[in-house]
Amino acid sequence: VGQFRPEKDHKKQIDVVKAVLDRRTDVSGFRLVTIGSCRDNEDHQRVEDLKRYAEELGISDHVEFLVNAPFKKLQEELGHSTVAIHTMWNEHFGISLVECMSAGCIMVAHCSGGPLMDIVIEFENQRTGYLADSVQEFADCIINIIDKSGEERNEIITAAKKSICKRFSVETFQEKLVAFVEPIMNKLSRK
């Protein structure tokens, strides 16, 4: 989930799908659905290039692009997805990660920036997702998730949802904002 921009590294996502399919033949129904927006003709061309790349690798039947999809379609896709991947290096924060995790997808994100520091972190001593760097590491994580029992996947999903609700709720934001601003306002009011 995200805009079709070069820094999002969608090509790596296609390479990850190829790596999983090369290692596992028992993953019927396995596919990458890339949902994003295009800002301009350059972004649309990028999507066409990615489609061609998937064809060249022989995996186009496992890769789908939903461009400028309505919000309802995004919700539907996330609602029946098991894994979400985010391959951008050094993403500042990554609201799409939070959205995917809160929708019940097990996140596999690049081990840098906001995903590493703030989002895909342990919560109450439980895993909330996976972090990876290389194509093989992403593929390993996805295969690990596929091989888990439904109960094991649900434990990760539950921990991730609790983590997201606790750390990124409106109430938490308000509390942290007040805690940050209040000392400054008190200092200014004393002058």
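About the thresholds
- Residues numbered from 1 in each chain as written.
- Predicted model: local features only at pLDDT ≥ 70, side-chain atom pairs only at ≥ 80, totals over all residues.
- Heavy atoms only, no water.
- Helix = DSSP H or I, 4+ residues; strand = E, 2+ residues; numbered from the N terminus.
- Buried < 20%, exposed > 50% of the residue type's maximum accessible area, 1.4 Å probe, protein only.
- Contact = heavy atoms within 4.5 Å.
- Areas by Shrake-Rupley, 256 points an atom, 1.4 Å probe, with all protein chains shown as cover.
- Lys, Arg positive; Asp, Glu negative; His and termini not counted.
- Charge placed at Lys NZ, Arg CZ, Asp CG, Glu CD.
- Salt bridge = Lys/Arg side-chain N within 4 Å of Asp/Glu carboxyl O.
- Patch = residues over 30% accessible without salt bridge, like charges linked within 9 Å, V, L, I, M, F, W, Y side chains within 5 Å.
- Axes fitted to C-alpha atoms, helices over the stretch in contact; angles between N-to-C directions.
- Parallel < 35°, antiparallel > 145°, perpendicular 65-115°, else oblique.
- Left-handed = near helix turned anticlockwise from the far one by under 90°.
- Expected span 1.5 Å × (residues − 1).
- Bend = angle between axes of the 7 residues up to and from the residue.

Participant: Explain the overall build of the protein to me, please; I cannot follow it from the model alone.
Facilitator: Looking only at helices and strands, the protein has 8 helices and 5 strands in total. What you see in the protein, going N to C, is helices and strands ordered as α-β-α-β-α-β-α-β-α-β-α-α-α. In terms of its C-alpha atoms, the protein occupies a principal-axis envelope of roughly 70 × 45 × 30 Å. Sorting the 191 residues of the protein into buried and exposed places 41% on the buried side. In the protein, 63% of the contacts between residues at least 6 apart in sequence involve partners at least 24 apart. Surface exposure of the protein reaches about 11,000 Å², of which carbon and sulfur atoms provide 51%. A gap of 5 Å separates the mean positions of the 25 positive and 31 negative side-chain charges of the protein.

Participant: I tried to follow the pattern of salt bridges on my own but got confused; where do I start?
Facilitator: Pairs can form between side chains of opposite charge once their charged atoms are near each other. Within this structure, the stated rule accounts for 14 salt bridges. Salt bridges linked by common partners bring Arg31, Glu64, Lys73 and Glu77 together as one network.

Participant: In this structure, what is going on with a nonpolar patch on the surface? I would like to understand it.
Facilitator: Taken together, Phe173, Leu177, Phe180, Val181, Ile184, Met185 and Leu188 make up a surface patch of nonpolar side chains, about 690 Å² in accessible area. Within the secondary structure, methionine 185 is located in helix H8 (residues 170–190).

Participant: So what exactly am I meant to see when it comes to the side chain of threonine 34 here?
Facilitator: Summarising the element assignment, threonine 34 is placed in strand S1 (residues 32–36). Beyond its immediate chain neighbours, meaning those up to four positions away, threonine 34 contacts Phe4, His10, Gln13, Glu64, Phe65 and Leu66.

Participant: Can you walk me through the packing of helix H1 (residues 10–23) against helix H6 (residues 135–147) in this structure?
Facilitator: Packed helix pairs are characterised by how far apart their axes lie and by the angle those axes make with each other. At a minimum axis separation of 9 Å, H1 and H6 run at an interaxial angle of 55 degrees. When the interaxial angle is binned, H1 and H6 end up oblique. The handedness of the crossing between H1 and H6 is right-handed. Across from Lys12, Asp15, Val16, Ala19, Val20 and Arg23 in H1, the residues of H6 making contact are Val135, Gln136, Phe138, Ala139, Asp140, Ile142 and Ile143.

Participant: How should the side chain of histidine 10 be read in this particular structure?
Facilitator: Residue position: histidine 10 is located in helix H1. We classify histidine 10 as buried; its relative accessible area is 8%. Those residues within four positions of histidine 10 in sequence are excluded, and the remaining contacts are Gln3, Phe4, Arg5, Thr34, Leu50 and Thr87.

Participant: What is the right way to read H8 from this model?
Facilitator: At 3.6 residues per turn, the α-helix brings residues three or four places apart onto the same side. End to end, H8 covers 30 Å across 21 residues, agreeing with the expected 30 Å (1.5 Å per residue, within 8%). Maximum bend of H8: about 30 degrees, positioned at valine 181, with proline proline 183 one to four residues after it.

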